[in-house]
Amino acid sequence: MSKQLFPPGFLWGTATSAYQIEGAVHEDGRGPSIWDDFCRIKGAIRDGSDGSIACDHYHRYAEDVALMRSLGVQAYRFSVAWPRVLPQGRGAINQKGLDFYQRLVDALLEAGIRPFVTLYHWDLPSALNAQGGWTNRDSAGWFADYAAVMVRALGDRVKDWITLNEPWCSAYLGYELGKHAPGYRDRTLAARAAHHLLLAHGMATQAIRAAGDAQTRVGITLNFAPNLPATDSEADRKAAAEAPDWLYEPFAEPIFTGAYNARVLEQLGGAVEIRAGDLATIATRLDFLGVNYYTATLISAERGVVNDDNPEYTLMGWQIRPQGLYALLMRLHHDTRGQLPIYITENGASFEDTVVDGHVHDERRVAYLRAHIAAVHRAIQDGADVRGYFVWSLLDNFEWDWGYQQFFGLVRVDYTTQARLIKDSGYFYREVIANNGLV
Ligand code: FCB
């Protein structure tokens with residue numbers, strides 16, 4: 001195969017989130033979050049675990065930054081734990097919490113790694129949940145205020161800001177399906193949360209710009225699982241094009257167009273108060289879009305959603321479909337008329353790993369990454385404006401309702417000793433970065 005080299009300046013990164021790696025949940029004045037609470041509900045987490053220690057990154061961040069440096073990683077997407085900085089969600093700032101992120105950012109810059117900071121990766125302060133959390137319209141203002149606090153603290157060194165991570169998950173897994181914190185099962189609450197999350201995103205985007213400088217750039221990270229035709233037949237292609245996409249339509253579309261389509265309005269129903277000006281706020285201009293991609297949905301005209309055509313599953317039960325990433329990037333390129341730079345802010349795979357003589361030969365993870373990086377390359381060749389790619393994840397970590405039973409890391413973590421071990425996929429990624437592509 002010929003070389004697949006990326007444009008000069010293409011950014012190669014890794015990603016994590018606060019609750020999944022930091023631990024130290026009671027340390028230095030951090031307040032509780034909805035994930036601390038949710039983990040205490042019996043049966044909520046499959047292995048009964050929680051994030052109270054996780055990868056102990058709060059204490060081992062310097063080692064983790066050194067690991068990235070050793071792999072040549074150029075950018076690092078991490079999230080700030082809102083309740084570490086504002087234990088009550090609003091009001092008094094916890095300086096010690098802020099100091100941790102100061103130290104982390106300094107260590108990254110020292111290592112030549114560009115920080116991408118996600119402001120909300122699901123750990124809402126419990127104090128705000130007690131006031132309705134995202135179902136309360138005031139949450140949009142709380143979030144914008146918190147965003148401004150962070151930009152004032154780190155904005156001299158952090159230029160790349162991501163408001164929300166995957167608001168679909170926050171709203172629907174959290175408030176309708178009960179799988180994520182706060183664990184509710186109520187459609188009305190989910191619809192309200194979805195609208196308020198988008199509003200929060202728009203208001204925070206404006207607050208970040210107001211507190212930042214000319215170099216400040218703002219984006220949002222959305223999750224996608226695009227509909228693909230099961231075969232190349234005209235009927236399947238039509239079915240895939242017409243099928244609803246509940247990840248794309250309620251989130252990406254209003255951000256791009258400033259409107260909810262009829263299908264989404266019907267789904268939001270009478271439950272949500274949409275005020276004049278809300279959609280304009282939601283569609284506040286962005287500097288980039290963050291794309292999280294793991295899998296796609298196959299649609300057949302005759303059989304509907306097809307789940308069984310492909311034996312290639314990851315440990316999450318997600319089918320491996322790199323062609324969906326290509327299709328998604330081309331669609332986004334089209335729908336934003338090529339005006340919105342894209343970063344893949346998450347892509348990666350969980351497989352069971354074994355250590356053999358001090359090595360993890362994770363060929364399947366390597367194959368997954370290789371195929372998806374090739375898909376990104378092809379999309380760039382065909383015109384998509386993709387500026388960077390972040391592997392999920394740097395470390396094995398606390399995978400939400402799965403607990404510690406999923407393994408996305410380029411680096412293995414032994415949770416009894418906290419020892420880190422770079423897997424073959426980590427060494428593969430080091431080569432990708434060194435070559436700026438696949439050779
Ligand atoms: C995404 C989340 C991330 C991780 C991966 C596997 O939905 O943003 O925290 O759980 O999936």
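Refer to the structure above for everything that follows.
The model shown is predicted, which means the values in this text are computed figures rather than measured ones.

Novice: Mind laying out the overall build of the protein chain, listing which residues take part and the relevant values?
Specialist: Across its full length, the protein chain holds 16 helices and 17 strands. Relative to a compact globule of 439 residues, whose C-alpha radius of gyration would be 22 Å, the protein chain shows 21 Å and is just as compact. Expressed as lengths along the three principal axes of its C-alpha atoms, the size of the protein chain is roughly 55 × 55 × 50 Å. In the protein chain, the share of contacts with a sequence separation of at least 24, taken over all contacts with a separation of at least 6, comes to 77%. Of the roughly 16900 Å² of accessible surface on the protein chain, a fraction of 51% belongs to carbon and sulfur atoms. Looking at charge distribution, the protein chain has the averaged site of its 41 positive side-chain charges lying 3 Å from that of its 52 negative ones.

Novice: Quick one: what's the story with the site of the ligand, residue by residue and with numbers?
Specialist: Neighbouring the ligand are Gln 20, His 121, Trp 122, Asn 165, Glu 166, Asn 292, Tyr 294, Glu 346, Trp 392, Glu 399, Trp 400 and Phe 408. Within the contact set of the ligand, an oxygen atom lies 2.8 Å away from a side-chain nitrogen or oxygen of Gln 20. Within the complex, the protein chains bury 94% of what would otherwise be the 290 Å² of accessible surface of the ligand. Of the residues belonging to the shell around the ligand, the class tally is five nonpolar, four polar and three charged.

Novice: Account for the packing of helix 15 (residues 363–381) against helix 16 (residues 424–435), naming residues and giving values.
Specialist: Look at helix 15 against helix 16: their axes get within 9 Å of each other, and the N-to-C directions meet at 30°. Classified by the interaxial angle, the pair formed by helix 15 and helix 16 is roughly parallel. Every pair of crossing elements has a handedness; the one defined by helix 15 and helix 16 is right-handed. Contact residues: Arg 365, Val 366, Leu 369, Arg 370 and Ile 373 in helix 15; Asp 424, Ser 425, Phe 428 and Val 432 in helix 16. For the contact of helix 15 with helix 16, the per-class residue count stands at five nonpolar, one polar and three charged.

Novice: Explain the packing of aromatic side chains to me, and be specific about the residues and the numbers.
Specialist: The final tally for this structure, using the stated rule, is 41 aromatic pairs. Measuring from ring centre to ring centre gives 5.8 Å for Phe 224 and Tyr 248, while their planes differ by 55°; the resulting arrangement is tilted. Taken as a pair, Phe 224 in strand 6 (residues 217–224) and Tyr 248 in helix 11 (residues 248–257) lie far apart in primary sequence, 24 residues in all. A single burial state applies to Phe 224 and to Tyr 248, both of which are buried. Between the aromatic rings of Tyr 248 and Phe 256, the centroid separation amounts to 6.3 Å while the plane-to-plane angle is 75°, which identifies the pairing as edge-to-face.

Novice: Please provide a residue-by-residue account of the packing of helix 9 (residues 187–211) against helix 11, values included.
Specialist: At their nearest, the axes of helix 9 and helix 11 sit 11 Å apart, and the two run at 35° to each other. Crossing angle aside, the handedness with which helix 9 passes helix 11 is right-handed. In contact with Ala 194, Leu 198 and His 201 of helix 9, helix 11 contributes Pro 250, Phe 251, Pro 254 and Ile 255. Looking at the contact of helix 9 with helix 11 residue by residue, the class counts come to six nonpolar, one polar and no charged.

Novice: Hey, could you go over the sheet that holds strand 6 for me, with residue numbers and the actual values?
Specialist: Remark on secondary structure: sheet strands pair via backbone hydrogen bonds, oriented parallel or antiparallel. Ordered by their spatial adjacency, eight strands build a closed barrel running 2-3-4-5-6-8-11-14, and the pairing between neighbours is parallel. Here the average twist between neighbouring strands, direction ignored, is 25°. By the bridge criterion, six bridges tie strand 6 to strand 8 (residues 288–293) in an arrangement that is parallel. When the bridges of strand 8 are listed, Thr 221 appears paired with Gly 290. Taken strand by strand, helix 5 (residues 95–110) contacts strand 3 (75–79) and strand 4 (114–120), and its axis lies near 170° from that of strand 3. With respect to the sheet, helix 8 (residues 167–175) is in contact with strand 4, strand 5 (160–165) and strand 6, its orientation differing from that of strand 6 by roughly 45°.

Novice: So what's going on with the side chain of Glu 22? Which residues, and what values?
Specialist: Within the fold, Glu 22 resides in the loop between helix 1 (18–21) and helix 2 (34–39). When its relative accessible area of 3% is taken as the criterion, Glu 22 is described as buried. Reaching out from Glu 22, the side chain makes a polar contact with the side chain of Tyr 101 at a distance of 2.6 Å. Among all residues touching Glu 22, those that are not within four sequence positions of it are Ile 53, Ala 54, Asp 56, His 57, Tyr 58, Ser 79, Ala 81, Arg 84, Phe 100 and Tyr 101.

Novice: Describe the pattern of salt bridges, with residues and values.
Specialist: Within the structure shown, the criterion is met by 25 salt bridges. In this structure, the salt-bridge partner of Arg 157 is Asp 156, at a minimum N-O distance of 3.0 Å. In this structure Arg 157 comes out as partly exposed when scored by relative accessible area, which is 22%. Taken together, the shared-partner salt bridges connect Asp 353, Asp 362, Arg 365, Asp 396 and Lys 423 into one network.

Novice: Give me the sheet that holds strand 10 (residues 304–306): which residues, what numbers.
Specialist: Spatially, three strands are ordered 7-9-10 in an open sheet, and the strand pairing comes out mixed. Sheet topology places strand 7 (227–229) and strand 10 at the edges, where each strand pairs with a single neighbour. Each neighbouring strand pair of the sheet contributes to a mean axis angle of 45°, computed without reference to strand direction. Bridging between strand 7 and strand 9 (residues 297–300) involves three bridges; their strand directions are parallel. Within strand 9, the position partnered with Asn 227 by the bridge is Thr 297.

The rules behind each value
Residues numbered from 1 in each chain as written. Predicted model: local features only at pLDDT ≥ 70, side-chain atom pairs only at ≥ 80, totals over all residues. Heavy atoms only, no water. Helix = DSSP H or I, 4+ residues; strand = E, 2+ residues; numbered from the N terminus. Rg over C-alpha atoms; globule rule 2.2 N^0.38 Å. Contact = heavy atoms within 4.5 Å. Areas by Shrake-Rupley, 256 points an atom, 1.4 Å probe, with all protein chains shown as cover. Lys, Arg positive; Asp, Glu negative; His and termini not counted. Charge placed at Lys NZ, Arg CZ, Asp CG, Glu CD. Near = heavy atom within 4 Å. Polar contact = N/O pair within 3.5 Å; in protein donor to acceptor, adjacent residues only side chain to side chain. Nonpolar A, V, L, I, M, F, W, Y, C, P; charged D, E, K, R; others polar. Axes fitted to C-alpha atoms, helices over the stretch in contact; angles between N-to-C directions. Parallel < 35°, antiparallel > 145°, perpendicular 65-115°, else oblique. Left-handed = near helix turned anticlockwise from the far one by under 90°. Phe/Tyr/Trp six-rings, centres within 6.5 Å; stacked < 30°, edge-to-face > 60°. Buried < 20%, exposed > 50% of the residue type's maximum accessible area, 1.4 Å probe, protein only. Pairing = 2+ DSSP bridges. Salt bridge = Lys/Arg side-chain N within 4 Å of Asp/Glu carboxyl O.

Just distances and angles here, no functional claims.
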